[in-house]
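The chain contents come next:
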Amino acid sequence: MRFVTEYRDRKAAERYSALIRESVTRDWRIMEVCGGQTHSIVKYGIDQLLPEELTLIHGPGCPVCVTPVEMVDQAVEIASREGVIFCSFGDMLRVPGTANDLLGVKAAGGDVRMVYSPMDAVSLARENPDRQVVFFAVGFETTAPVTAAAVMQARRLELGNFSMLVSHVLVPPAMNAVLSSPECAVNGFLAAGHVCSVMGYREYEPIAEEYGVPIVVTGFEPLDILEGVHMCVELLEDGRNVVRNQYRRVVTREGNGSAIGMIRDVFQVTDRKWRGLGPIPMSGLGLRDRYREFDAGVRFDVSGLTVSESGRCISGEVLRGVRRPDECPAFGGECTPEHPLGAPMVSSEGACAAYYRYRFSGSEE
Amino acid sequence: MNDLIERMMIRAFSNPLLDRRHDGAVMPCEGGRLAYATDSHVITPLFFPGGDIGALSVYGTVNDLAMCGARPKWLSAGFILEEGFPMEDLWRIVVSMSLAAERTGVSIVTGDTKVVDRGKGDGIYINTSGLGYVPDGVDIAPRRTAEGDAVVLSGDIGRHGIAIMALREGIGLESSISSDLAPLNFMAEDLVEAGLDIHCMRDLTRGGLASGLCEIAATAGVRVRLEEDAVPVRPDVMAACEILGFDPLYVANEGKFVAILPQEQAEMALSIMREHEQGAEAAIIGRVSDTGRSGTVTMTSSIGASRIVHMMSGEQLPRIC
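Please read all numbers here as calculations on a predicted model, not as lab measurements.

Counting its regular elements, chain A contains 15 helices and eleven strands. Relative to a compact globule of 365 residues, whose C-alpha radius of gyration would be 21 Å, chain A shows 21 Å and is just as compact. Seen along its three principal axes, the alpha-carbon backbone of chain A occupies a region of about 65 × 50 × 45 Å. Going through the 365 residues of chain A one by one, you find that 53% of them count as buried.

Structure (structure tokens):
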């Protein structure tokens, strides 16, 4: 298949593997930020092609995983209300809240629908004028422009029955949080290619400089990741703390101007709590005041929910890259994709799900 | 009701056993062994590119029998209709079942129809069960899968699941992907008649290739090793999977199976499959190996590394980005 299979070529992968081995002279720890990259690494076994000096650390870039349990509880609460059609991307449906998940609401008779785009939720609102249609807007900068477009469309159509529960988060503040943590052991980053396709990579330049880490904007196919690792290793070995772009076929330094414009028009940067990382200042997107009428948090009173998380889940440490999923005592036993304790076991971008799906072969070898 | 059965079912499925209009069918039995299988069909949408619930309900049971090495002979058909289900749709389904039965050489010899209140069904549910003769000397079952066997796949995977998904969720794909719905009994019979020592066959329906092989590995207590690059997937199916974040190994098929047999007979099985239209893309995709943990399936990825292949848990859910 064009534009896919050529990036999964075994011979080229072996060549990159050899180049990386030639470049490495000491131990390095590189964090891939995005959960999509984690899945590629684990699915294709990219880490098996790397020399033992290199450790890949899985980062917090799984939007489903970092959505705090408070937000899931609010979603569950709103979805359970009479007359509501609650729309969500597929991976959010099984994420456990305090007492229930969205699939549980659906099983109990709630109208929870899986959509592929926020625009589908706008269409549902048009088709069901007597129902309240709520969209659960989860994601990084990658999906924010489409969410913004849906809000703008709802405004144009004067839809009084459409709103969204916004839980958008931003990548650079999360990288800052990882780097400023005392437990941080990351020497370099593979930045999330699709986030950068929207935002460009200018905002990563001060991070590279301030914390003294090289950052390589990297794609998602096996050869993208191998090339990104090679570029990052060369920068590390040369001691150059700069931003480089591996994903040139998609990403420019300035990003997508019109997409950024839509995000700025609809959203403002706000403080946001992350699962695993805690509250991070100026790390999320919330609706601007002029779009407040579309804020589901305002439309439905969801304050006063009591929140609790499983104490047996170490997703916080997994999301900060401090521990690997298979170092969790619950991994594969108490916690599986069928009975997840935490979000990283659910999402198609979650590190725990990736380890379970592609590495776990039972409790004994 | 009587009128409905008379005008539709009896007319479409007419054969000497059914036409006796008794409470059950009485069939001749030649001694030897019978295979018996059943399958219920509760799908949405009822009509899809490449087939409908009618043909599916016949091929589903016929294929299950064929996987036992049996020659399918007789089917029963049970219909549960929701009140108000359009008669023209029912007729289309019944005609499709009749054509599917004719194509596979089976007779629908007994049946039942019930109607439930509006809102208590999903239009139509169909259950079929079937009987077939197993030739002497044939012993095909997961437990016979053994070290050194080859895994032969009868064609490209993932078409049925993607066709249904595209239609159900209204995803506009550039090319229209049709279901691979097809009977497997003739291909399976040819393999059996060629005298191949087939250890196991499995049709790859819900849960796809991965789940089928995981079940076999677990039942037989063996290790199956796949080559990712050897598994045929059409580019349009691959593209749809890439967009949705699906793994084609887990996407449903309705006209594909794997045959597991001694390595030295694999090439012959392959050439027999390729003589059939739906077997043109058949391939040897792996082997039953002696390394790794027993009861597991592993796969060599396209870049040459190794990973575990699991049974599907729940539904595959499309990803965010």
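Back to the text.
Here we take up the overall build of chain B. A count of helical and extended segments in chain B gives eight helices and 13 strands. Its C-alpha atoms give chain B a radius of gyration of 20 Å, within 12% of the compact-globule value 20 Å for 321 residues. Judged by the C-alpha coordinates and their principal axes, chain B covers about 65 × 55 × 30 Å. Within chain B, buried positions represent 47% of all 321 residues. Restricting to contacts in chain B with at least 6 residues of sequence separation, those with at least 24 account for 85%.

With that out of the way, let us pick up the nonpolar core. Counting 216 residues, the largest nonpolar core has Ala 75, Val 134 and Ala 191 of chain A together with Val 258 and Ala 259 of chain B as its most contacted members. In contact with Val 134 of chain A, not counting residues within four places along its chain, are Ile 78, Val 84, Phe 86, Cys 87, Ser 163, Met 164, Leu 165 and Ala 296 of chain A.

What follows deals with the packing of helix H6 (residues 118-127) of chain A against helix H7 (residues 144-156) of chain A. Residue and element names in this part refer to chain A. Interaxial distance between H6 and H7 falls to 8 Å at its minimum, and their mutual angle equals 20°. Classified by the interaxial angle, the pair formed by H6 and H7 is roughly parallel. In this structure, H6 crosses over H7, and the sense of that crossing is right-handed. In this structure, H6 contributes Pro 118, Met 119, Ala 121, Val 122 and Ala 125 to the contact, and H7 contributes Val 146, Thr 147, Ala 150, Gln 153 and Ala 154. Residue composition of the contact of H6 with H7, grouped by class: eight nonpolar, two polar and no charged.

Another point: the packing of helix H1 (residues 10-23) of chain A against helix H11 (residues 222-238) of chain A. All names here are of chain A. With their axes 10 Å apart at the nearest point, H1 and H11 run at an angle of 15° to one another. With respect to H11, the element H1 is oriented roughly parallel. Note on packing geometry: the crossing formed by H1 with H11 is left-handed. Across from Ala 12, Ala 13, Tyr 16, Ser 17, Leu 19, Ile 20 and Ser 23 in H1, the residues of H11 making contact are Pro 222, Leu 223, Leu 226, Glu 227, Val 229, His 230, Val 233, Glu 234 and Glu 237. Among the residues forming the contact of H1 with H11, the class breakdown is ten nonpolar, three polar and three charged.

Glancing now at the sheet that holds strand E10 (residues 257-262) of chain B. Residues and elements named next belong to chain B. Spatially, the seven strands line up as an open sheet ordered E8-E10-E7-E11-E9-E12-E13, and their pairing is mixed. The sheet is open, and its two edges are formed by strand E8 (200-203) and strand E13 (306-309), each paired on a single side. In this sheet, adjacent strand axes meet at a mean angle of 25° when their direction is disregarded. Bridge analysis of strand E9 (residues 223-227) against strand E11 (residues 283-289) gives four bridges, and the strand direction is antiparallel. By the bridge assignment, Val 224 is partnered in E11 with Val 288. Against the sheet, helix H6 (residues 208-220) touches E8, E9, E10, strand E12 (297-300) and E13, its axis set at about 130° to E12.

Often, the extent of an interface is quoted as the loss of accessible area upon association of its parts. Residue and element names in this part refer to chain B. Looking at chain B, the domain boundaries give domain 1 (2-11 + 28-134) and domain 2 (142-309). Computed over C-alpha atoms, the centres of domain 1 and domain 2 are 25 Å apart. Listed by partner, the interface residues are 19 residues for domain 1 and 22 residues for domain 2. Breaking the side of domain 1 that touches domain 2 down by element, the ones donating at least two residues are helix H2 (53-67), strand E4 (71-82) and helix H3 (87-104). Tallied by class, the residues present in the side of domain 1 that touches domain 2 amount to ten nonpolar, six polar and three charged.

All names here are of chain B. Sheet architecture is open: four strands sit in the order E1-E6-E4-E5, paired in mixed fashion. Single-partner strands in this sheet number two, and they are strand E1 (33-41) and strand E5 (107-116). Recorded for the sheet is a direction-independent mean angle of 15° between the axes of neighbouring strands.

Let's shift gears to unusual backbone geometry. The residue after Thr 44 of chain B, namely Pro 45 of chain B, is reached through a cis peptide bond having omega -5°. Along the chain, the position of Pro 45 of chain B falls in the loop between E1 and strand E2 (47-48). A positive phi is found at Glu 158 of chain A, a non-glycine position, where the angle reads about 50°. Here Glu 158 of chain A shows up in the loop between H7 and strand E6 (162-169). The phi angle at Met 282 of chain A is positive, at roughly 50°, despite the residue not being glycine.

Residue and element names in this part refer to chain A. With respect to the element layout, Arg 249 can be found in the loop between strand E9 (243-245) and helix H12 (257-266). Judged by C-beta crowding, with 11 C-beta atoms within 10 Å, Arg 249 ranks as exposed. Considering only alpha carbons, one finds Arg 249 and Gly 219, 30 residues apart in sequence, at a separation of 9.2 Å.

Next up on the list: the pairing of strand E11 (residues 278-287) of chain A. Residues and elements named next belong to chain A. In the sheet, E6 pairs with E11 via two bridges, with the strands oriented antiparallel. What sits directly across from His 168, in E11, is Leu 285. The sheet contact formed by strand E10 (residues 267-274) and E11 spans seven bridges and is antiparallel. Its bridge partner lying in E11, Gln 268 is registered against Gly 286. Adjacent in sequence and paired antiparallel, E10 and E11 are bridged by three residues, among which Gly 276 carries a positive phi angle near 90°.

Residue and element names in this part refer to chain A. Topologically, Arg 275 is positioned in the loop between E10 and E11. For the pair Arg 275 and Asn 256, spaced 19 residues apart in sequence, the C-alpha to C-alpha distance is 29 Å. If near-sequence neighbours (up to four positions away) are discounted, Arg 275 is found in contact with Cys 65, Val 66, Thr 67, Pro 68, Val 69, Ser 315, Leu 319 and Ala 343.

This brings us to the domain arrangement of chain A. Residues and elements named next belong to chain A. Assigned domains within chain A: domain 1 (5-63 + 172-245), domain 2 (65-170 + 255-299) and domain 3 (315-358). Taking the mean C-alpha position of each, domain 1 and domain 3 sit 21 Å from one another. Of the residues lining the interface, 16 residues belong to domain 1; the matching set on domain 3 comes to 13 residues.

The rules behind these values
- Residues numbered from 1 in each chain as written.
- Chains lettered and ligands numbered in written order.
- Predicted model: local features only at pLDDT ≥ 70, side-chain atom pairs only at ≥ 80, totals over all residues.
- Helix = DSSP H or I, 4+ residues; strand = E, 2+ residues; numbered from the N terminus.
- Rg over C-alpha atoms; globule rule 2.2 N^0.38 Å.
- Buried ≥ 20, exposed ≤ 12 C-beta atoms within 10 Å, placed from the backbone.
- Contact = placed C-beta atoms within 7 Å.
- Core = buried A, V, L, I, M, F, W, Y, C linked by C-beta atoms within 7 Å.
- Axes fitted to C-alpha atoms, helices over the stretch in contact; angles between N-to-C directions.
- Parallel < 35°, antiparallel > 145°, perpendicular 65-115°, else oblique.
- Left-handed = near helix turned anticlockwise from the far one by under 90°.
- Nonpolar A, V, L, I, M, F, W, Y, C, P; charged D, E, K, R; others polar.
- Pairing = 2+ DSSP bridges.
- Domains from an automatic or database assignment.

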